[in-house]
Amino acid sequence: MTSNLATVQAIYEAFGKGDVPAIISHLAEDVQWESWANNTAQKAGVPWLKSRNNKAGVIEFFQVVASLNIQDFKVLSIMGGETQVAVEFTITFIAPATGQNVKDEEMHLWTFNKAGKVTRFRHYLDTNKHIVAAGVEAAVLK
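Worth saying up front: this structure is predicted, and the values here are computed from it rather than measured.

1. Considerations on the pairing of strand S3 (residues 70–80)
Here comes step 1: Here S3 runs beside strand S4 (residues 84–94); their pairing, made up of nine bridges, is antiparallel. Paired with Lys 74 across the strands is Thr 90, a residue of S4.

What follows is the structure, encoded as structure tokens:
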């Protein structure tokens, strides 16, 4: 668990430096990024919340995130379990499609394999804020 916590801390340090290759080095080859069975923001087409698989997909994610014009990003707490680490944070960004200033409190959930590599990553957030910021139509809830 401590190793997983240290890995997540290193990932956020790399994110703060814009060091995407360092982040990618902590991922399993078959990582599932934003893999959800039923996510409203994905159904609506929010580009930075699109489901992606493998390291190439995660690189694409960071290319999209680079367009968000992040104004502020603060990690509030990191909580670890046996195979998962959760991170509570705040983020403020300007959405490129709408110019909207978005401030959100979110959670990241990192899941690890026995080798200490990230196998799954998910955002928990206010999907409506992101749908509006992306300028896409809201998906019909079913």
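After presenting the structure, the write-up continues.
2. Overview of the pairing of S4
Here comes step 1: Most of S4 is tucked away: eight of the eleven residues are buried.
Here comes step 2: Bridge count for S4 against strand S5 (residues 101–112) is eleven bridges, and the pairing is antiparallel. Considered in S5, the bridge of Ile 91 is made with Asp 104.
Here comes step 3: Hairpin connection of S4 to S5: six residues between the antiparallel strands, including Gly 99 at a positive phi of 75 degrees.

3. Some thoughts on the nonpolar core
Here comes step 1: Judged by nonpolar contacts, the single largest core of 35 residues is most densely connected at Trp 33, Trp 48 and Trp 110.
Here comes step 2: If near-sequence neighbours (up to four positions away) are discounted, Trp 48 is found in contact with Phe 61, Val 64, Leu 68, Phe 93, Ala 95, His 130, Ala 133 and Ala 134.

4. What about the side chain of Asn 39?
Here comes step 1: Mapped onto the secondary structure, Asn 39 falls in the loop between strand S1 (27–33) and helix H3 (40–44).
Here comes step 2: You can call Asn 39 buried: its relative accessible area is 13%.
Here comes step 3: One polar contact links the side chain of Asn 39 to the main-chain amide nitrogen of Gln 42, over a distance of 2.9 Å.

What counts and how
- Residues numbered from 1 in each chain as written.
- Predicted model: local features only at pLDDT ≥ 70, side-chain atom pairs only at ≥ 80, totals over all residues.
- Heavy atoms only, no water.
- Pairing = 2+ DSSP bridges.
- Helix = DSSP H or I, 4+ residues; strand = E, 2+ residues; numbered from the N terminus.
- Buried < 20%, exposed > 50% of the residue type's maximum accessible area, 1.4 Å probe, protein only.
- Core = buried A, V, L, I, M, F, W, Y, C linked by side-chain atoms within 4.5 Å.
- Contact = heavy atoms within 4.5 Å.
- Polar contact = N/O pair within 3.5 Å; in protein donor to acceptor, adjacent residues only side chain to side chain.

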